[in-house]
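Given next are the chains, with one letter for each unit.
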Amino acid sequence: MCQQPTIPLINDKIVFYGAGSMAEAIVRGMIARSVISSENITMLNRSSSERLAELRSRYGVKGSNDPGHKAEILANANVIVLAMKPKDAAEALRGLAPLLSPGQLIVSVIAGLTIRTIQALLGTTQPVVRTMPNTSSTIGLGATGIAFSKEVDDSGRRLALNIFESVGITSVIEEERMEILTGISGSGPAYIYYMMEAMTAAGIRGGLTPEQSAELTVQSVLGAARMVQQTGEEPAALRKKVTSPNGATQAAIETLEKGDFFETVIAAVNSCAERSREMGAAVEKELL
Ligand SMILES: NC(=O)C1=CN([C@@H]2O[C@H](COP(=O)(O)OP(=O)(O)OC[C@H]3O[C@@H](n4cnc5c(N)ncnc54)[C@H](O)[C@@H]3O)[C@@H](O)[C@H]2O)C=CC1
Ligand SMILES: O=C(O)[C@@H]1CCC=N1
């Protein structure tokens, strides 16, 4: 079994600015791991008080949409995690700018949004950590890419790493690689879910019950991922062990090859990276 590293208790006040799926995944993962007291987490969104009430009751975090209170919360945070959609980022960052003081760490999970654009919208050389997590952070199995602006000091780096190491693995990368990383690990879970949907549907069409088909699919995906992780063998080598010459698996792989499976997955990863760049560029345009 893979042991998670021990994460020191995080005593900083963290504000999630944007309270959707990704923010909830990180919060849920951190609270489950007991690395932070829920009192030190505040979640804010644009307008939905019902959503904040739900998060408060689910995780014991704070959250308010009262405009005066919101400004005070943001001004007093040690860390502000930007977790809104790219299309909402420019307006949110412009509103945030007058509230910030120099030491506050900005952590972005927003796809495509560059450090340069964040700092330009804020109008300050605020320390910025650009990340790309994924929703498996919910269960401590996230995979997060991290890039730091030059203003982030050692304690800021450690703090950001602590946050994301508490919900999975982290990989510090050059910022230019963030889009391709998004194509693999940020969006990757969706491709696996899609494959699982197809496998489950095939089982049902072949006469298995939906429950049987779903359970067998989940266990097969889980087992395959664990086999790669625990045996240290390459996926290609493990695939060969399943594929008897001229056997049943070979017939299945040949069908996948006819659909150009390998190159289609690579094209999908590249489309994701390209779309991330486009979304970032659209925010950058708002600077003009
Ligand atoms: N969902 C995912 O798997 C992943 C998402 N991301 C990134 O996370 C960000 C959020 O994505 P989701 O959580 O899926 O979206 P979501 O739609 O579930 O949540 C977005 C949240 O931002 C809030 N918001 C919008 N405008 C705001 C404003 N001006 N001020 C404060 N809050 C505002 C909304 O009210 C909502 O709570 C995106 O930028 C996305 O690129 C990154 C990695 C994975
Ligand atoms: O679909 C999106 O734009 C975001 C980025 C990574 C996962 N979800």
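All values reported here derive from a predicted model rather than from experimental measurement. (Residues numbered from 1 in each chain as written. Chains lettered and ligands numbered in written order. Predicted model: local features only at pLDDT ≥ 70, side-chain atom pairs only at ≥ 80, totals over all residues. Heavy atoms only, no water.)

Some thoughts on the UniProt feature "domain: Pyrroline-5-carboxylate reductase dimerisation" (unreviewed entry) in the protein
Per the UniProt record, "domain: Pyrroline-5-carboxylate reductase dimerisation" (unreviewed entry) is annotated on residues 175-279. Here residues 175-279 is 83% helix and 0% strand, with 16 Å between the C-alpha atoms at its ends. (UniProt positions renumbered as here; feature names shortened; annotations may be inferred. Helix = DSSP H or I, 4+ residues; strand = E, 2+ residues; numbered from the N terminus.)

Thoughts on the site of ligand 1
Near ligand 1 lie 20 residues; those nearest to it are Ala 19, Ser 21, Met 22, Met 84 and Ala 111. Ala 19 places a polar main-chain atom, nitrogen or oxygen, 2.9 Å from an oxygen atom of ligand 1. A distance of 3.0 Å separates an oxygen atom of ligand 1 from a polar atom in the backbone of Ser 21. Starting from 840 Å² of accessible surface for ligand 1 in isolation, the protein chains cover 81%. Looking at which element gives the most residues to the shell around ligand 1, the answer is helix 4 (residues 86-96), with three residues. Class assignment for the residues of the shell around ligand 1 results in 12 nonpolar, five polar and three charged. (Near = heavy atom within 4 Å. Polar contact = N/O pair within 3.5 Å; in protein donor to acceptor, adjacent residues only side chain to side chain. Areas by Shrake-Rupley, 256 points an atom, 1.4 Å probe, with all protein chains shown as cover. Nonpolar A, V, L, I, M, F, W, Y, C, P; charged D, E, K, R; others polar.)

Let's talk about unusual backbone geometry
Even without being glycine, Ser 34 reaches a positive phi, approximately 55 degrees. Along the chain, Ser 34 turns up in the loop between helix 1 (21-32) and strand 2 (41-44). For Asp 260, which is not a glycine, the phi torsion comes out positive at approximately 55 degrees. Mapping Asp 260 onto the fold places it in the loop between helix 11 (248-258) and helix 12 (261-285). Since its relative accessible area comes to 44%, Asp 260 is described here as partly exposed. (Buried < 20%, exposed > 50% of the residue type's maximum accessible area, 1.4 Å probe, protein only.)

A short note on the site of ligand 2
The full set of residues close to ligand 2 is Ala 111, Met 132, Gly 186, Ser 187 and Met 279. Looking at side-chain class alone, the shell around ligand 2 contains three nonpolar, two polar and no charged residues.

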